[in-house]
Amino acid sequence: MTATLRRTGTFVPTIAFALAVAGVLVGSHAVHTGVPALTKPVPHLGWLAVAVAVVAGAQLPMLRARVGVAAVGLAWGESAVVILCVLLPAAWIPPVTLVGVGLARVIQAIQRPAYRKPGAAVWGTGTLTLAAGAAAVAANVLTVTYRHPLTPRVAVALVLAAVAYAATGLAMVSWRVACLHGERFASVLRRTNASKMPMIIGNVAVGLLVVVLYEVNARWLALLPPALWLLHQAYAYRLRMGDERRDWQRFADATRQLNRLDGQRAASAGIQGALRLFGGEWAQLSVIAPDGQVCGYEAALGGEVAECEPNAADESGTVARDLSVGAVRVGELRLRLRAGARMGRRDRLMFAAYADALAAALHDAATHQELRAMGERSTRDLVHDSLTGLANRAGFLATGDSVLRELAGDAPVALLLLDLDHFKDVNDTLGHGAGDLLLQIVASRLGATLGPGELLARLGGDEFALLLPVLTEPGTDPADSPATEYPAQLAHALGRARDLTGILATPGDVAGVQLSVEASVGVVVAAAGAVDLTELLRRADIAMYQAKRGGSSVARYDPSRDRASTDRLSLLAEVREALAADDQLTLVMQPEVGLGDDGGVIGVEALVRWNHPRRGTLMPVDFVTVIEHSELLGDFTRYVLDRALAAAARWAAEGIDVPVSVNLSPRSLLDPALPGDVAALLARHGTSADRLVLEITETVVMSELVVIENVLSVLREMGVQLAVDDFGTGYSSLTFLTRVTVNEVKIDRTFVRRMVESPEVGAIVRTTIDLAHRLGLRVIAEGVETAEQRAELTALGCTGAQGFFFYPPLPPERVVEVLHERTTATVIPLRQEDAS
């Protein structure tokens, strides 16, 4: 293979001359080796002329192929070197190659101006001379090929010669390309060899064919030119297709990198892609923004893209292309080629196509940025007040609710709602322009007082809202504020409201008139998890109108004056979610301990807790009353019973036979379906009915409704145990025991707490226990917290007790451990069957 580098741009005559001399010396060294075949007389001048003609003829039909951004010339050099090895002694092959290649370069320079590059011609001639010397040595290492018949051994020697020739040429060209373009030698050699190997094999085959035909009959050589012409065209087509495929693949990769939605990144990708595709030394891109501003970017090959001043001056070796999309001009791309390089027709077409793709990418990026800016403006307009720049009602609600969700459920927050007094008079007297100016002054003054995390909004008209998510208490005295859940925080919020009214009252110039702004402020403080921002605004609005009606500038929210609280509605909606979630409503268990000698656990009361996602852990007093007055009571009752019976079933499976108690809402006894629901749940969990104790209050049955009598009767017939809870707090406890058949009496904690220090209360407890024993009932004392209370109850003969002195309410898994430790061997009967 003949390989010469084009578009090198530099010339090193010393190296080229050294290469030529080295090739001649390599071949001439064979003369002194002592091999007889290599010391024969000088060939006839005619044969030398033929050899020179063969070399020149092999170099003239040059093909061009790309290696990266460089181009190499390919010829029939391997064929020529195979013929020379047979035609000439080894010592004559390098000088003949030198003369033949030089002659070919002169002829090419005369015919085509593109070859008039002395540096490239000398470099190529020296490289091929060196390759010819390597071929001569390689051929004659195995055997002497000069004037020898084509035996297998000679054929192998000729192939070795061609391989040495091709390898030397490939290595030299690859090294030159790697040096000029800063690439790795191995990478360039691999790419060059991959695309040229088929031509090398074909050239070797043609050389051997010439040798064979010459030995058989030289006249057959006359048939070779047409066949060689066809083979040359096949070579050219294959190289052209391979080059085009690689070029367009690189083009596709470069244009794909242009698909950036950021204009600066698209410009950077455009410059780097142009430098890689077209082998430029430097590139500059001017980008025209939609507002007409021109930005410049530039970079050198292998360097970083940087901003620059756009420069439209023409420079030698620079190509430029306007970037337009339709009639819209978006910029200009300028590319400076390497010294001596030029663009062919295909390169110019590719450069134009690349510029159009870059123009489209820049236009798309600019359009995207405009649309994004418009979207951001539209989004901001949706949540901001155009007059004051503050958040509007929608933005205040969205941001405020987000702030509340990030706070702890019991963290106090405050909302101040301000309404300007007599604002309508300003509009009517001075005009709406003056009113707008006044609103801007108010917004500016309020905004100047904002602390970290505080949120200010204009809700509409002359109404402003200020959310205080963090309440500090410097200089406040809880005694200064009315009784409330957060007295210190409320005092701070009221003080802040008074400060704001004072700031607004400072006179200011509006349309040439000195105005002092008066405002009414409603203040509300609540736990972040208890209400949402809409409810806070509603309460603050009520407080603000209280301020207006009361003639004061500041008023706090008074729940007693609120007849439209939304807590109940929101709580009911959240209860529905909790019943469906299966992990919010949970049970805790409080053991009932016997006061006998063994002190074992004789029962467990199931208590419900609500692990609210926003409000934290809620006790029954926080939500049961709301449920009792809604249609959710039945679902809630079944939910709690199901969980309690499931726990009892697990205890039974572990050999623990202890009843579980569940509090029953008074309104549940009005549901005729209750006994059926209880029976279904007992069957579902395989639990005996006498292991379930339903606790009811004595106020439940003071009415004479037949439905209650029927429900209690059916439950008793099923075997379910009944207990009267909070005994002694109802209207007529003794009457209750004469009308309702129960199994257990639970003394209310208010009596237990005072029985030790109050003889009167102690007498009531003693009488209750004595009465229960006479009726055959079990007696449980609630709320036992001290050893004195336990000792007194034990002395009075109380059956059992529960309270923090023994155990607090425990999670189900902890209760199992307690039951294993302290369950009595014998369960005390709940009541004799004939008790009344």
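Numbering of residues starts from 1 in every chain and runs along the sequence as written. Per-residue local features of the predicted model are confined to residues with pLDDT of at least 70, and side-chain atom pairs are confined, for both listing and counting, to 80 or more; whole-chain, interface and lining totals are unaffected and use all residues. Side-chain measures here rest on the full set of heavy atoms in the structure, leaving out hydrogens and waters.

**So, the overall build of the protein chain**
Move 1: A count of helices and strands for the protein chain gives 25 helices and 24 strands.
Move 2: The classification of residues rests on relative accessible area computed with a 1.4 Å probe and restricted to protein chains. Under 20% of the type maximum is buried, over 50% is exposed, and intermediate values are partly exposed. A total of 836 residues make up the protein chain; the buried ones form 49% of that total.
Move 3: Contacts between residues were defined by any pair of non-hydrogen atoms, one from each residue, lying within 4.5 Å. Nonlocal contacts in the protein chain, meaning residues at least 24 apart in sequence, comprise 70% of its contacts between residues at least 6 apart.
Move 4: Where accessible areas are quoted, they stem from the Shrake-Rupley method and a 1.4 Å probe; at the residue level, only the protein chains shown are allowed to cover. Accessible surface computed for the protein chain: about 39,000 Å², of which carbon and sulfur atoms make up 58%. Only DSSP runs of H or I reaching four residues or more are called helices, and only runs of E reaching two or more are called strands; each is numbered from the N terminus.

**Here's the deal with a nonpolar patch on the surface**
Move 1: Any residue with relative accessible area above 30% and no salt bridge may belong to a patch, with like charges joined within 9 Å and the nonpolar Val, Leu, Ile, Met, Phe, Trp and Tyr side chains within 5 Å. By salt bridge we mean one thing: a side-chain nitrogen of Lys or Arg within 4 Å of a carboxyl oxygen of Asp or Glu. Among the surface-exposed residues, Val212, Val216, Trp220 and Leu223 lie close enough to one another that they form a single nonpolar patch of about 410 Å² accessible area.
Move 2: Along the chain, Leu223 turns up in the loop between α7 (185-216) and α8 (224-256).
Move 3: Residue Leu223 is classed as exposed on the basis of its relative accessible area, which comes to 55%.

**Notes on the pattern of salt bridges**
Move 1: Counted according to the given criterion, the structure contains 27 salt bridges.
Move 2: With its nearest N and O atoms 3.6 Å apart, the salt bridge here joins Arg321 to Asp356. Taken as a pair, Arg321 in strand β7 (residues 318-325) and Asp356 in helix α10 (residues 345-383) lie far apart in primary sequence, 35 residues in all.
Move 3: Taking the shortest distance from any N to any O, the salt bridge between Asp635 and Arg638 comes out at 2.6 Å. Residue Asp635 and its partner Arg638 are located together in helix α18 (residues 633-653), separated by 3 residues, close to a single helical turn.
Move 4: Judged by relative accessible area, Asp635 falls into the partly exposed class, the value being 38%.
Move 5: Taking relative accessible area as the criterion, Arg638 reaches 32% and is therefore assigned partly exposed.
Move 6: Residues joined by salt bridges that share partners form a network here, namely Glu592, Glu605, Glu695, Lys746 and Glu782.

**Describing the nonpolar core**
Move 1: Phe623, Trp651, Leu692 and Leu793 are the most contacted members of the largest nonpolar core, which has 79 residues in total.
Move 2: Per-element accounting of this core gives the leading share, 10 residues, to α18.
Move 3: Ignoring sequence-local partners within four residues, the contact set of Leu692 consists of Leu641, Leu645, Val660, Val662, Val678, Leu682, Val720 and Gln721.
Move 4: Side-chain atoms within 4.5 Å link the members of a nonpolar core, which is a set of buried Ala, Val, Leu, Ile, Met, Phe, Trp, Tyr and Cys residues. Judged by nonpolar contacts, the second largest core, of 33 residues, contains Leu418, Phe423, Leu466 and Ala497.

**Considering the sheet that holds strand β4 (residues 280-288)**
Move 1: Across the sheet, which stays open at both edges, the 5 strands sit in the order β6-β5-β4-β8-β7 with antiparallel pairing between neighbours. The open sheet has two free edges, formed respectively by β6 (306-308) and β7, since each of these has just one partner strand. When the angles between neighbouring strand axes are averaged without regard to direction, this sheet yields 25°.
Move 2: Sheet topology note: the β7/strand β8 (residues 328-337) ladder contains 8 bridges and is antiparallel. Directly across from Leu323, in β8, lies its bridge partner Gly331.
Move 3: Under this scheme, a helix contributes an axis fitted over its contacting stretch, all axes are lines through C-alpha atoms, and angles between N-to-C directions fall in the 0 to 180 degree range. This element, helix α9 (residues 263-278), spans β4, β5 (294-300), β6 and β8 of the sheet and lies at about 150° to β4. The criterion for strand pairing is that DSSP finds at least two bridges linking the strands in question.

**Details of the confidence of the model for the protein chain**
Caution applies to low-pLDDT parts of the model: their predicted coordinates are not meant to be read in detail.
Move 1: On average, residues of the protein chain score 81 in pLDDT, and 85% of them are at 70 or above.
Move 2: Within the model, pLDDT remains below 50 along residues 1-39, and this stretch shows 97 contacts once partners closer than five positions in the same chain are excluded. One confidence number per residue, pLDDT, is output by the predictor and ranges from 0 to 100.

**Remarks on the packing of aromatic side chains**
Two aromatic rings are characterised by how far apart their centres lie and by the angle between their planes.
Move 1: We call Phe, Tyr and Trp rings a pair once their centres come within 6.5 Å, taking the six-membered ring for Trp, and we label the pair stacked below 30 degrees between planes, edge-to-face above 60, and tilted otherwise. Within the structure shown, the criterion is met by 4 aromatic pairs.
Move 2: Relative to Phe623, the ring of Trp610 has its centre 5.4 Å away and its plane inclined at 80°; by these criteria the two rings are edge-to-face. Separated by 13 residues along the polypeptide, Trp610 in strand β17 (residues 601-612) and Phe623 in the loop between β18 (616-618) and α17 (624-628) bring together distant segments of the chain.
Move 3: Trp610 sits in the buried class, given a relative accessible area of 1%.
Move 4: The exposure class of Phe623 is buried, given its relative accessible area of 0%.

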